[in-house]
Amino acid sequence: MLEIIMYAVGFFICTIFLQWFLHKVRKNHNQGNSAIWVGTGAVIVICVIGLMTKNINYFAALVGFIVGDEVGKQAGWQ
């Protein structure tokens, strides 16, 4: 159970950090079709990796990513 929680929290923190960092580096251009590490494309990649590795913890990571993605949207980083 601890491992599942760590995956969710870890992906949440990584998502928030990467969106903030890319927002600063790309000078507010981490939005729209050219956005990196946001949206359904990243969700699909995380799901595929979880299925390929047969690791159920990636689905907990998916929840952490989705929450982090929504926080990034509210902050205006994407």
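Criteria and thresholds
- Residues numbered from 1 in each chain as written.
- Predicted model: local features only at pLDDT ≥ 70, side-chain atom pairs only at ≥ 80, totals over all residues.
- Heavy atoms only, no water.
- Axes fitted to C-alpha atoms, helices over the stretch in contact; angles between N-to-C directions.
- Helix = DSSP H or I, 4+ residues; strand = E, 2+ residues; numbered from the N terminus.
- Left-handed = near helix turned anticlockwise from the far one by under 90°.
- Contact = heavy atoms within 4.5 Å.
- Nonpolar A, V, L, I, M, F, W, Y, C, P; charged D, E, K, R; others polar.
- pLDDT = per-residue confidence, 0-100.
- Core = buried A, V, L, I, M, F, W, Y, C linked by side-chain atoms within 4.5 Å.
- Buried < 20%, exposed > 50% of the residue type's maximum accessible area, 1.4 Å probe, protein only.

1. Some remarks on the packing of helix α1 (residues 2-25) against helix α3 (residues 57-75)
Okay, step 1: One way to put it is that α1 packs onto α3 with a least axis distance of 7 Å and a crossing angle of 30 degrees. When the axes of α1 and α3 are compared, the crossing they make is right-handed. Of α3, the residues touching α1 (which contributes Glu3, Ile4, Tyr7, Ala8, Phe11, Phe12, Thr15, Ile16 and Gln19) are Asn57, Tyr58, Ala60, Ala61, Gly64, Phe65, Val67, Gly68, Asp69, Val71, Gly72 and Lys73.
Okay, step 2: Counted by class, the contact of α1 with α3 contains 12 nonpolar, six polar and three charged residues.

2. Focus: the confidence of the model for the protein chain
Okay, step 1: Taken over all residues, the pLDDT of the protein chain has a mean of 80, while the share at 70 or more is 86%.
Okay, step 2: Of all helices and strands in the protein chain, the one with the weakest mean pLDDT is helix α2 (residues 39-53) (80), whereas α1 scores best (86).

3. Concerning the nonpolar core
Okay, step 1: Counting seven residues, the largest nonpolar core consists of Phe11, Ala42, Ile46, Tyr58, Ala61, Leu62 and Phe65.
Okay, step 2: In terms of residue count, α3 provides more of this core than any other element does, four residues in total.

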